[in-house]
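Examination of the molecular architecture
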Amino acid sequence: MASKFHLALPCLSISKVRKFYVDGLGAKEGRSAQNWIDIDLFGNQMTFTKSGPFNFESKSYSFNGEILPSFHFGIILEREDWLNLKHTVTVNKIPLKSEIQFLNGKKGEHESFFIEDPNGFTVEFKCFTQTDQVFTKA
């Protein structure tokens, strides 16, 4: 059974969230009010609530010489959707924090790029070489 996720996060500005996710990434806006907004990100519900800065300190980690954030969230996309989104990010001049290929030549091989939203949250978009290997052990 395919399920969708719901993620609720604090934010600094509803208008900046709308501009980044809807205008910048092409996501759809769902319900909203003065202090919150629902974003439809590839069929998943993200709710941003205006509540001020999020004070979460976490360490980063190293993978193949790349420094990656321990705290982040992301979406797994089919290759064509991933390439289209990466093009959209480039056209809209959203800076890439990192771009990396994981597990080259092994089970679970995938590519990712990371961007930062206006709240300082890191968002990862990944696509697997073999889509049936998302949870396969290497």
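What counts and what doesn't
- Residues numbered from 1 in each chain as written.
- Predicted model: local features only at pLDDT ≥ 70, side-chain atom pairs only at ≥ 80, totals over all residues.
- Heavy atoms only, no water.
- Salt bridge = Lys/Arg side-chain N within 4 Å of Asp/Glu carboxyl O.
- Helix = DSSP H or I, 4+ residues; strand = E, 2+ residues; numbered from the N terminus.
- Buried < 20%, exposed > 50% of the residue type's maximum accessible area, 1.4 Å probe, protein only.
- Expected span 1.5 Å × (residues − 1).
- Arc of directions from axis to C-beta.
- Contact = heavy atoms within 4.5 Å.

Further remarks concern the pattern of salt bridges. A complete count under the given rule lists six salt bridges for this structure. With its nearest N and O atoms 2.8 Å apart, the salt bridge here joins Glu111 to Arg79. Of this pair, Glu111 sits in strand β9 (residues 110-116) while Arg79 sits in helix α2 (residues 79-91), and the two are 32 residues apart along the sequence. Taking relative accessible area as the criterion, Glu111 reaches 21% and is therefore assigned partly exposed. The partner of Glu124 in a salt bridge is Lys126, with the nearest N and O atoms 3.9 Å apart.

This part covers α2. Between its terminal C-alpha atoms α2 stretches 18 Å, which fits the 18 Å expected from 13 residues at 1.5 Å a residue. Restricting attention to buried positions, one finds in α2 the residues Trp82, Leu85, Lys86 and Val89. Angularly, the buried residues of α2 cover 100 degrees about the axis, an arc narrow enough to put them on a single face. Structural note: α2 exposes Glu80, His87 and Val91 on the side pointing more than 90 degrees away from its buried face. Taken together, the buried residues of α2 touch β8 (96-102), β9 and β10 (122-128). Directly after α2, the chain includes Lys93, whose backbone phi takes a positive value near 55 degrees.

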